Amino acid sequence: MFNTFNKLKEIMKKLFAWISNLFTKAYDLIEVKAPMAVIITQKIKITIESHGGSIEWILDQTESEKDNEAYEFIKLKLNGVIKEIAVIDGIVSDNLKPEYATEAYLKYLASKTKESRVKDYILLAARILQAIIGKKIPYDLLILATQKAYHLIFGSKK
């Protein structure tokens, strides 16, 4: 019986090490892509505050920066990501075209105070990161990675 317990204990140690290694690799991938999610979210913030919520402005800015990966993401996937959030938040119905859902969501964010948008931006960055990676990952890890990337890029804790 004692021998069986030791074998089980060794199996559990190996399983824990395997799971830990898996999460470490997943988090490493998340950390590599998190800055792009943060930068796209910052561009959304800027377009809401200064450019009337224009996705075209974001595309123009990204294209001029020669960031092909971000540009392709914004062009092909951003409207879909924002539509998912807008549907979940009850801002639009699921049958609305992604472009119109994006427009409605950005107007919704613009109608809020700057301080009340912070949570929305954090969740938006996490959803963008999830879409960039293309896998379902716990939001805690996504938020942690985007917050860490934000602090590295902007050097602020706000």
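Look up a bit, the structure's there.
Quick caveat, the model's predicted, so the values are computed rather than measured.

Asks: Sorry if this is basic, but what is going on with the nonpolar core here?
Replies: Nonpolar side chains in soluble globular proteins generally cluster together in the buried interior. Among the nonpolar cores identified, the biggest contains 39 residues, and Ile-40, Ile-44, Phe-73, Leu-78, Ile-128 and Leu-129 are the most heavily contacted of them. Elements supplying a minimum of two residues to this core: helix H1 (2-50), helix H2 (55-64), helix H3 (68-88), helix H4 (98-111), helix H5 (118-133) and helix H6 (139-154). Those residues in contact with Leu-129 that sit more than four places away from it in its chain are Ile-30, Lys-33, Ala-34, Ala-37, Leu-142, Ala-145 and Thr-146.

Asks: Explanation requested: a nonpolar patch on the surface in the structure shown.
Replies: Together, Leu-8, Met-12, Leu-15, Trp-18 and Ile-19 line one region of the surface with nonpolar side chains, adding up to about 500 Å² of accessible area. Mapped onto the elements, Leu-15 comes out in helix H1. Residue Leu-15 is classed as partly exposed on the basis of its relative accessible area, which comes to 40%.

Asks: Would you take a moment to explain the pattern of salt bridges for this structure?
Replies: In a structure, side chains of opposite charge can pair up when their charged atoms sit close to one another. Summed over all chains, the structure comprises 6 salt bridges. Salt-bridge contacts for Arg-127 lead to Glu-84; the nearest nitrogen and oxygen are separated by 2.1 Å. Here Arg-127, found in helix H5, pairs with Glu-84, found in helix H3; they are 43 residues apart in sequence, far enough to count as distant. According to the relative accessible area criterion, Glu-84 is partly exposed, its value standing at 42%.

Conventions and cut-offs
- Residues numbered from 1 in each chain as written.
- Predicted model: local features only at pLDDT ≥ 70, side-chain atom pairs only at ≥ 80, totals over all residues.
- Heavy atoms only, no water.
- Core = buried A, V, L, I, M, F, W, Y, C linked by side-chain atoms within 4.5 Å.
- Buried < 20%, exposed > 50% of the residue type's maximum accessible area, 1.4 Å probe, protein only.
- Helix = DSSP H or I, 4+ residues; strand = E, 2+ residues; numbered from the N terminus.
- Contact = heavy atoms within 4.5 Å.
- Patch = residues over 30% accessible without salt bridge, like charges linked within 9 Å, V, L, I, M, F, W, Y side chains within 5 Å.
- Areas by Shrake-Rupley, 256 points an atom, 1.4 Å probe, with all protein chains shown as cover.
- Salt bridge = Lys/Arg side-chain N within 4 Å of Asp/Glu carboxyl O.

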